[in-house]
Each structure stands twice: as structure tokens, then as C-alpha cells.
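Residues per chain, in single letters:
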Amino acid sequence: MREIVLQTKQLSKRYKDFTALDSVNMTVCREDIYGLIGRNGAGKTTIMKIITGLTEKSGGEFEIFSKKGADAAKEKRRIGCLIENPAFFENLTAYQNLKYYALQKGITDEAQIDEALALVNLTEVRNKKFRKFSLGMKQRLGIALAVMDNPDLIILDEPINGLDPIGISELRNTFKKLSSERGVTLIISSHILSELYMVANRFLFIEKGRVLKEITKEELDFECMRCHVVKTDDTKRTAALLEQKLGITNYKVIDSRELRVYDENVKPDEMNRLLVQNDVNISGIFETGISLEDYFKSLVEEVRP
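Definitions and cut-offs
Residues numbered from 1 in each chain as written. Predicted model: local features only at pLDDT ≥ 70, side-chain atom pairs only at ≥ 80, totals over all residues. Heavy atoms only, no water. Helix = DSSP H or I, 4+ residues; strand = E, 2+ residues; numbered from the N terminus. Expected span 1.5 Å × (residues − 1). Buried < 20%, exposed > 50% of the residue type's maximum accessible area, 1.4 Å probe, protein only. Contact = heavy atoms within 4.5 Å. Pairing = 2+ DSSP bridges. Axes fitted to C-alpha atoms, helices over the stretch in contact; angles between N-to-C directions. Core = buried A, V, L, I, M, F, W, Y, C linked by side-chain atoms within 4.5 Å. Phe/Tyr/Trp six-rings, centres within 6.5 Å; stacked < 30°, edge-to-face > 60°. Lys NZ or Arg CZ within 6 Å of the ring centre and 35° of its normal. Patch = residues over 30% accessible without salt bridge, like charges linked within 9 Å, V, L, I, M, F, W, Y side chains within 5 Å. Areas by Shrake-Rupley, 256 points an atom, 1.4 Å probe, with all protein chains shown as cover. Salt bridge = Lys/Arg side-chain N within 4 Å of Asp/Glu carboxyl O. Lys, Arg positive; Asp, Glu negative; His and termini not counted. Charge placed at Lys NZ, Arg CZ, Asp CG, Glu CD.

## Details of helix α5 (residues 135-147)
When the terminal C-alpha atoms of α5 are compared, their 19 Å separation across 13 residues agrees well with the 18 Å that a helix rising 1.5 Å per residue should span. The element α5 is largely enclosed, with a buried count of 11 among its 13 residues. Where α5 is concerned, the buried positions are Gly136, Met137, Gln139, Arg140, Leu141, Gly142, Ile143, Ala144, Leu145, Ala146 and Val147. In the core, the buried residues of α5 are packed alongside β6 (79-82), α3 (94-105), α4 (111-119), β7 (153-157) and α6 (165-182).

Shown next as C-alpha cells:
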């Protein structure tokens, strides 16, 4: 069983009459690249702020590295984060800015500063003043600060904002390297599913403070995959007939009333004829398969009043 790094149970946050988080349950395991997906204001940043101690929860609980309460607070030294823009000094260089924070964090090995800069491809501009940085470079320096003291868990809020396509690609490689080579766990928020999809292995969809779904990448691919859905009152018999009579083996029984066929050469009319001839009641056979963005939209539509 994989080690659980973070787990929340009924985590809530309220501001007078406004509920920012409503009973959020999520589980993050070691080496996960965990994507928080939601529109602006959905509650992603609030989750991150509670975990890192930037704001207090109103209800529920959470565990970090199997510790909660006062004990969890001690574990926060193992977390690196980029939630709000760090207060970098305009007239200091990238290296000098990181050295300032290294001293505050008690980091004595200055090689860690250079390593952090190299990780986000800022080595060549280490002596360039911060005020001359582009928005993307400033964002990468913030990420360098988050990883500088070699944390076990890194929390990044919208880290790709302001980056060009090359910068985004480089960061994706950095995230994968941190996870696979260093065993680091990452929680990354974004409202752009297509970008997180390229790097994350698990996702939490959230809307208006409520969890819509927690899902693995494999499950997400399965949900979005093009297939034929067979609606029937007897999926067990349907599966047996499709396999025995039509040789269809690439299918999955979803529940007692739905079966999905992933064979690209399947003919709906042939399936329909077979099932009708064998007295299987069918309420529908149709093709489905949606984009990642449409999948998110469908989740949102399901919870709208």
C-alpha cells in the first residue's frame, strides 16, 4: 500500500455567510503529482492555504505525513510552497534573493541555491536583477524558492501562469523529475486541465468549494475514451452474448444497467439485432467519448441546481 502524505476529512472553510470549502475529502500519496482542477474561486487555493497554515480551517481535519493537529504543524517544515507571489527584492539578483530566504530558512549549504536555480533553468540569469525578469522568469524563481530546501511535499498554486509553451514544457519535465528521481510529492492547482493532464497522475475536480470527483489518470482516460454504451436490464447476459456470438472482448461492465464496448470495429446495429433476437431488453445503444474540458463541464453540470 502506498504511503499517504496528505489526507483531508470533511475539510471546510467558512467566511461568515460564504462557504469556501464544503466537506472536502482528498488523499495524496507519496510521489503523486496531484492535480487540483477547478475554475477561479472554486476553492483550490483555500485548500492549499489550510494545509500550509496560511489560514485556519472551520471544520473537518487533515493529516500530513500521518500527523494531525499540533503534530502536523511540526511536519510543515517538510513542505515547500508557492501560493502567493513571494516578496522578492527588485534590486537584488536571483541568487541574492534566494540567498536571503536561505538564511531565513537556516540553509547553510549555498550549493542548494544553485541547484534550485538549475532545476528551473535560471542558472544563466542567476546574477540578473529581479526587476529585469519577465513574468515567466519571476514565476520560475518562485518555484526555485519552493524547492530550495529539498521538501518532501511541494504545493504550487497556478505555477504555469505567465509561462510560454517552452517554459511550460520545461516545468513539466521538472515536476516529473522531482517525483520520479527524488520521490517528491507535488500538489499543483490549475484551471487548465489540458496542461495538468500532461503531468499529473491523480486529479481532484472541485466547484464552489465542493468536490466533484477524485480520480486517477487511468480512470479519467477511461471516462473520456470513445466507446459504445449499451443500456440494458441484464449486463451479465449482454456481455456473454457479445463475447460468445460476436467475439467482442474489449468491453467493461459499468453496473447492472450499463456496459461499454471499446472495440473500434463494433457495429451497433449488429449488437442491437443480436440482443433483441435473444430477448434482452435494450433501452439504448449510443457512441460516446468526450474531451477533457467537456468532461469537467459535465461534472459541473451534474451538481448545478
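## Topic: the sheet that holds strand β11 (residues 227-232)
An order of β12-β13-β11-β14 is seen for the four strands of this open sheet, with the pairing classed as antiparallel. In this open sheet, the two strands that pair with only one neighbour each are β12 (251-255) and β14 (282-288). Across the sheet, the mean angle separating the axes of adjacent strands is 20° when strand polarity is ignored. The pairing of β11 with strand β13 (residues 258-261) spans four bridges and is classified as antiparallel. Across the sheet, Lys231 pairs through a bridge with Glu258, a residue of β13.

## Thoughts on the nonpolar core
Residues Leu98, Leu141, Met148, Leu156, Leu186, Phe203 and Phe205 are the most contacted members of the largest nonpolar core, which totals 52 residues. When residues in this core are grouped by element, the largest group, seven residues, is from α5. Once residues within four sequence positions are removed from consideration, Leu186 is found in contact with Asp32, Ile33, Tyr34, Ile154, Leu156, Phe175, Leu178 and Ser179. With 24 residues, the next largest nonpolar core counts Ala42, Met48, Ile51 and Ile187 among its residues.

## Examining the pairing of strand β2 (residues 18-29)
Examined bridge by bridge, strand β1 (residues 4-15) and β2 share eight bridges and lie antiparallel to one another. Among the inter-strand pairings, Leu11 is bridged to a residue of β2, identified as Val24.

## A closer look at the side chain of Arg172
Note that Arg172 resides in helix α6. With relative accessibility at 17%, the residue Arg172 sits in the buried group. Apart from the residues within four sequence positions on either side, Arg172 is in contact with Glu195, Met198 and Val199.

## Structural notes on the packing of aromatic side chains
If you walk through the whole model with that rule in mind, you get nine aromatic pairs. With 5.9 Å between their ring centres and 90° between their planes, Phe88 and Tyr101 make a pair best called edge-to-face. Taken together, the residues Phe88 in the loop between β6 and α3 and Tyr101 in helix α3 connect sequence positions 13 residues apart. For Phe88, a relative accessible area of 10% translates into the label buried. One aromatic cluster in this structure is built from Phe88, Phe89, Tyr100, Tyr101, Phe130 and Phe133. Above the ring of Phe65, the side-chain terminus of Arg78 is found at 3.7 Å from the ring centroid. Between Lys252 and the ring centre of Phe222, over which it is positioned, the NZ or CZ distance is 5.8 Å.

## Here's the deal with a positive patch on the surface
A contiguous patch of positive charge on the surface is contributed by Lys128, Lys129, Arg131 and Lys132. Relative to the helices and strands, Arg131 is located in the loop between α4 and α5.

## Quick word on the pattern of salt bridges
Under the defined criterion, the tally for this structure stands at 19 salt bridges. Salt-bridge contacts for Asp152 lead to Arg78; the nearest nitrogen and oxygen are separated by 2.8 Å. In this pair, Asp152 sits in the loop between α5 and β7 while Arg78 sits in the loop between α2 (70-75) and β6, placing the two residues 74 residues apart along the sequence. Residue classification places Arg78 among the partly exposed positions, given a relative accessible area of 23%. A single salt-bridge network, built from bridges that share partners, covers Arg2, Asp32, Arg202 and Glu214.

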